[in-house]
Amino acid sequence: MAENQIIPADQILPNRLDIIPLQGKPIFPGIFTPIMLTSQREISTAENAMSSNSMIGLLLVQNEENEDPGSDDFYNMGTVAKIVKKINLPDGGINIFISTLKRFKVKKFLNDTPPYSVAVDYPEEEEEDDDEMHALTRSLLSEMKQVSENNPLFTEEMRLNMVNIDQPGKIADFITSILNIDREKQQAILETLNIRSRIEQVLMFIKKEQEVLKIQKKIQQEINEKIEKSQREYFLKEELKAIKKELGIPVDAKSSEHKRFKEAIDQLNLPDEVKEQVDRELEKFSLMDPNSSEFIVTRNYLDTIITLPWNDPTPEDFDIGEARKVLDKDHYGLEDVKERIIEFLAVRNLKKDTKGSIICLVGPPGVGKTSVGKSIARSLKKKFFRFSVGGMRDEAEIKGHRRTYVGAMPGKIIQGLKTVKTRNPVFMIDEIDKLGASFQGDPASALLEVLDPEQNVAFRDHYLDLPFDLSAVLFITTANTLDSIPRPLLDRMEVIRLSGYIDEEKIAIARKYIIPRSLDRNGLKKNQVKYRKSGLSRIARGYAREAGMRNFEKSVDRINRKLAKKVLVEEGEQPFTIDSDEVEKLLGKPVFSGDEIKEADRPGTAVGLAWTPYGGDTLTIEVVSNPGKEGFQLTGQMGNIMQESANIAYTYVRHIAGDHGIGQDFFEKNHIHIHIPAGATPKDGPSAGITMATALLSLIKKKKIKRAYAMTGELSLVGQVLPIGGLKEKTIAAKRNKIKHIIIPKQNEKDLEDIPDKVKNGINFHPVQTMEEVADLVF
């Protein structure tokens, strides 16, 4: 380089230069560097310069991606260079070594097409030789020394070159060329002729580079620490493995798991088919990589298998007398239900065989179906597991998902067995009448296998895919109605009906169970509150007239919450006495007032008894006639069967009208309207036939029927009264509504034996066979 500078540059630099475009970054004066040329035009320019011993101009293209730049696509400032050496490359290109001399500025382009030639001049740098400039130069070298020490990309040759350059401007140029900064910023330095300004800009770039190096050093340090830690852990683990191996302990988590599974499986009494499959899975598990996803799936599968109760259950040991005591302690009344359950348990005790043990408890909400199930489990001294299938639409909830799915798990049956850890628990399946069906399958059909004693000895869950014996499980299902349960499913179950409660039973249940529980829940003591019978009777009649006890309990809770507040603010005298008047003060106006008791208080009305999934109910049937076109209409959301009953009643009454002194002209000149309140409640069934006929007779005879009479029965076209269902629930509803006389079909007389005496007390039952007998009774 020193040889090239023997002749002063300003004496030999030409005013015209052939241009070689630079795509990457600008090249600064005072640099000796190679350039690779591949374009034929650029190669020709370089060879011409070498042959004529002339110089070339290096100009940066403004857009790096522009491979065919025009004259307007170059920056104005470039570097003049002398080609020192040329090397031909195998692919046809050349590699030239250049020595850059000085900045030049383009005055104008001498041609518009490549290869370009330009007219140039050589601007002089604005130098200052003072102490401040010396200080800036020293600062530049000092800062750059720090960068070079911390950056392994800086070679020793670069450091020596930097120190040996004696001109401040060239030092700044050299440092800029080796710093990792944007091409635009490097070009800006190239175009800066004031040396002080150039050094200040370069110092700023060095500072940024130092910050980047600090962050890089920090990251590198953290990585090194992690590597050192992991290497240390690796060596310690290897040593631990060697120690464990020497002591005969499993050397890793996988071996430990394998040993645990093997020991657990050996203790299980597995059937041959299951044993073979489990051994195969265990062998596969031992060969798997712990980091594979299949490893986790197989481990979870084996974990499920070893937690299931495969061994034979312990023999049942329960006392019928003790079971009866448990049922009596937990539930008031329900004598017929308890009797059925005790009979059921007696058969189990004698037969020592649990197959076919499936009970279905049917009744309105709040009558204690779920708690009866818990009591059965207590009386048998068995584990209890409950799950609800209400609204369930996916059969995989019952039978599980296949293991091919991500996140697969067993169905509710296998999950329950894992939870109770015994083969003979009591399983309660709640709300079986509310199962759904969708494109994901039909859960009711999946339950067929679970609840069939002939099939559930080898129940196959999709996840487990192994036969599991469910025959020792006592299944108890609950439902509000049997209508929506598929017939094949219903056939597999022993149905036990739980009817609603009358007021006397509700008061007794409240005293024995609800009030103590509610007082405890609301932080009150027994000696602080005294409930009188009149108050409890008021709650039953005015606020909780439904078949079950839920609204009754909510009303007692509301009263106790208000009393708890009074205790805190010290209002009123303790103990608080809750009588009829106090109930109304605390709960507000009754939901059911006395005038809501159904009565046939005018001609054209009659009181009927109905059965609903929520218990029995009373219905007032209303019939009016208006002068007009012959015919009749029905309102009150009647179903198809009830509409047919209304048609039969109308035809029958019209047929016998002459016997009661009414001519056919009444029907020809009047339009008759039959309505059953409430209009928003759907109604269906044939049991209102005689009630509608009685209301029609009352209308045409213009006579009211006797007070406190209600009736239920299907009417045939010739006046026969046919049997109905749900008599017990209907009788309880009549008792709640102060009905004294109930007309029932003769064929239902046998069902009266199933109704407790305390329900029948005060009610006269009138069995009838024909509609004429009904008319004789009510008019």
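Everything discussed here concerns the structure shown above.
Residues numbered from 1 in each chain as written. Predicted model: local features only at pLDDT ≥ 70, side-chain atom pairs only at ≥ 80, totals over all residues. Heavy atoms only, no water.

### Examining a negative patch on the surface
Here is step 1 of the chain: Taken together, the side chains of Glu 64, Glu 65, Glu 67, Asp 182 and Glu 184 present a region of like negative charge at the surface.
Here is step 2 of the chain: Locating Glu 184 in the fold gives a position in helix α6 (residues 183–190). (Patch = residues over 30% accessible without salt bridge, like charges linked within 9 Å, V, L, I, M, F, W, Y side chains within 5 Å. Areas by Shrake-Rupley, 256 points an atom, 1.4 Å probe, with all protein chains shown as cover. Salt bridge = Lys/Arg side-chain N within 4 Å of Asp/Glu carboxyl O. Lys, Arg positive; Asp, Glu negative; His and termini not counted. Charge placed at Lys NZ, Arg CZ, Asp CG, Glu CD. Helix = DSSP H or I, 4+ residues; strand = E, 2+ residues; numbered from the N terminus.)

### What about the pattern of salt bridges?
Here is step 1 of the chain: Going through the model one piece at a time under the given rule, you end up with 36 salt bridges.
Here is step 2 of the chain: Here Lys 86 ties to Glu 47 by a salt bridge, and the two come within 3.4 Å at their closest N and O atoms. In this pair, Lys 86 is assigned in strand β4 (residues 77–88) and Glu 47 in helix α2 (residues 40–51), connecting sequence segments 39 residues apart.
Here is step 3 of the chain: Accessibility expressed as a relative area gives 30% for Lys 86, which makes it partly exposed.
Here is step 4 of the chain: Ionic pairing is found between Glu 584 and Lys 589, a salt bridge with its closest N-O pair at 3.4 Å.
Here is step 5 of the chain: Its relative accessible area of 69% is what places Lys 589 among the exposed residues. (Buried < 20%, exposed > 50% of the residue type's maximum accessible area, 1.4 Å probe, protein only.)

### Topic: unusual backbone geometry
Glycine aside, a negative phi is what most residues show, and trans is what most peptide bonds show.
Here is step 1 of the chain: Looking along the chain, the bond that leaves Pro 114 and enters Pro 115 is cis, with omega of -5 degrees.
Here is step 2 of the chain: Locating Pro 115 in the fold gives a position in the loop between β5 (94–109) and β6 (117–121).
Here is step 3 of the chain: Of note, Asn 53 is a non-glycine position whose phi angle comes to about 55 degrees, a positive value.
Here is step 4 of the chain: In this fold, Asn 53 is placed in the loop between α2 and β3 (56–60).
Here is step 5 of the chain: You can call Asn 53 exposed: its relative accessible area is 57%.
Here is step 6 of the chain: The phi angle at Glu 431 is positive, at roughly 55 degrees, despite the residue not being glycine.
Here is step 7 of the chain: Relative to the assigned elements, Glu 431 resides in the loop between β9 (426–430) and α16 (443–451).

### Details of helix α24 (residues 689–701)
Here is step 1 of the chain: Helix length check: α24, at 13 residues, gives a terminal C-alpha distance of 18 Å against a target of 18 Å (1.5 Å per residue), a fit within 8%.
Here is step 2 of the chain: The buried fraction of α24 amounts to 12 of the 13 residues, a majority that puts the element mostly inside the structure.
Here is step 3 of the chain: Those residues of α24 lying buried are Gly 689, Ile 690, Thr 691, Met 692, Ala 693, Thr 694, Ala 695, Leu 696, Leu 697, Ser 698, Leu 699 and Ile 700.
Here is step 4 of the chain: Immediately beyond the C-terminal end of α24, within one or two residues, lies Lys 702, with a positive phi of roughly 60 degrees. (Expected span 1.5 Å × (residues − 1).)

### What to know about the side chain of Thr 45
Here is step 1 of the chain: Along the chain, the position of Thr 45 falls in helix α2.
Here is step 2 of the chain: If near-sequence neighbours (up to four positions away) are discounted, Thr 45 is found in contact with Asp 18, Ile 19, Ile 20 and Pro 115. (Contact = heavy atoms within 4.5 Å.)

### Brief notes about helix α21 (residues 580–587)
Here is step 1 of the chain: Looking only at α21, the buried set comprises Glu 582, Val 583, Leu 586 and Leu 587. Taken down its axis, α21 places every buried residue within 115 degrees of arc, on the same side. The outward face of α21, more than 90 degrees from its buried face, is lined by the exposed residues Asp 581 and Lys 585.
Here is step 2 of the chain: On its buried side, α21 packs onto α19 (533–542), α20 (550–569) and β15 (576–578). (Arc of directions from axis to C-beta.)

### So, the sheet that holds strand β13 (residues 494–497)
Here is step 1 of the chain: Read from one edge to the other, the open sheet built from 5 strands follows the order β8-β9-β12-β7-β13, with strand pairing classed as parallel. With one partner strand each, in any of the chains shown, β8 (384–388) and β13 form the two edges of the open sheet. Each neighbouring strand pair of the sheet contributes to a mean axis angle of 20 degrees, computed without reference to strand direction.
Here is step 2 of the chain: For β8 and β9, the ladder comprises 5 bridges, and the chain directions are parallel. (Pairing = 2+ DSSP bridges. Axes fitted to C-alpha atoms, helices over the stretch in contact; angles between N-to-C directions.)

### Here's the deal with the packing of α20 against α21
Here is step 1 of the chain: Contact geometry of α20 with α21 gives a least axis separation of 10 Å together with a crossing angle of 85 degrees. With respect to their mutual orientation, α20 and α21 come out roughly perpendicular. Touching Ser 555, Arg 558, Ile 559, Lys 562, Leu 563 and Lys 566 of α20 are Glu 582, Val 583, Leu 586 and Leu 587, all from α21.
Here is step 2 of the chain: Grouping the constituent residues of the contact of α20 with α21 by class yields 5 nonpolar, 1 polar and 4 charged. (Parallel < 35°, antiparallel > 145°, perpendicular 65-115°, else oblique. Nonpolar A, V, L, I, M, F, W, Y, C, P; charged D, E, K, R; others polar.)

### Let's talk about the environment of Asn 15
Here is step 1 of the chain: Secondary-structure assignment places Asn 15 in the loop between α1 (9–12) and β1 (16–22).
Here is step 2 of the chain: Looking at Asn 15, the relative accessible area reads 57%, which means it is exposed.
Here is step 3 of the chain: Counting along the chain gives 105 residues from Asn 15 to Val 120, while the straight-line C-alpha distance between them is 5.3 Å.
Here is step 4 of the chain: Excluding residues that lie within four positions of it along the chain, Asn 15 makes contacts with Val 118, Ala 119 and Val 120.

### A look at a nonpolar patch on the surface
Here is step 1 of the chain: Taken together, the side chains of Ile 215, Ile 219, Ile 223 and Ile 227 define a hydrophobic patch exposed on the protein surface, amounting to about 340 Å² of accessible area.
Here is step 2 of the chain: Positionally, Ile 223 belongs in helix α7 (residues 195–247).

### Considering a positive patch on the surface
Here is step 1 of the chain: A cluster of basic residues, Arg 558, Arg 561, Lys 562 and Lys 565, forms a positive patch on the protein surface.
Here is step 2 of the chain: Tracing the sequence through the fold places Lys 565 in helix α20.
Here is step 3 of the chain: You can call Lys 565 exposed: its relative accessible area is 58%.

### Description of the packing of aromatic side chains
Here is step 1 of the chain: Evaluated as defined, the whole model comprises 15 aromatic pairs.
Here is step 2 of the chain: A centroid spacing of 5.5 Å and a plane angle of 75 degrees characterise the contact between Phe 261 and Phe 285, whose relative ring orientation is edge-to-face. Taken together, the residues span a long stretch of sequence, with Phe 261 in helix α8 (residues 253–267) and Phe 285 in helix α9 (residues 272–287) at a distance of 24 residues.
Here is step 3 of the chain: Look at Phe 285 and you get buried, because its relative accessible area is 0%.
Here is step 4 of the chain: An aromatic cluster of at least three residues, connected via ring pairs, comprises Phe 385, Phe 387, Phe 427 and Phe 475.
Here is step 5 of the chain: Across the ring face of Tyr 301, the terminal group of Arg 403 is positioned such that the distance to the ring centre comes to 3.7 Å.
Here is step 6 of the chain: Here the guanidinium or amino end of Lys 701 rests over the ring plane of Phe 779, the centre of that ring lying 5.4 Å away. (Phe/Tyr/Trp six-rings, centres within 6.5 Å; stacked < 30°, edge-to-face > 60°. Lys NZ or Arg CZ within 6 Å of the ring centre and 35° of its normal.)

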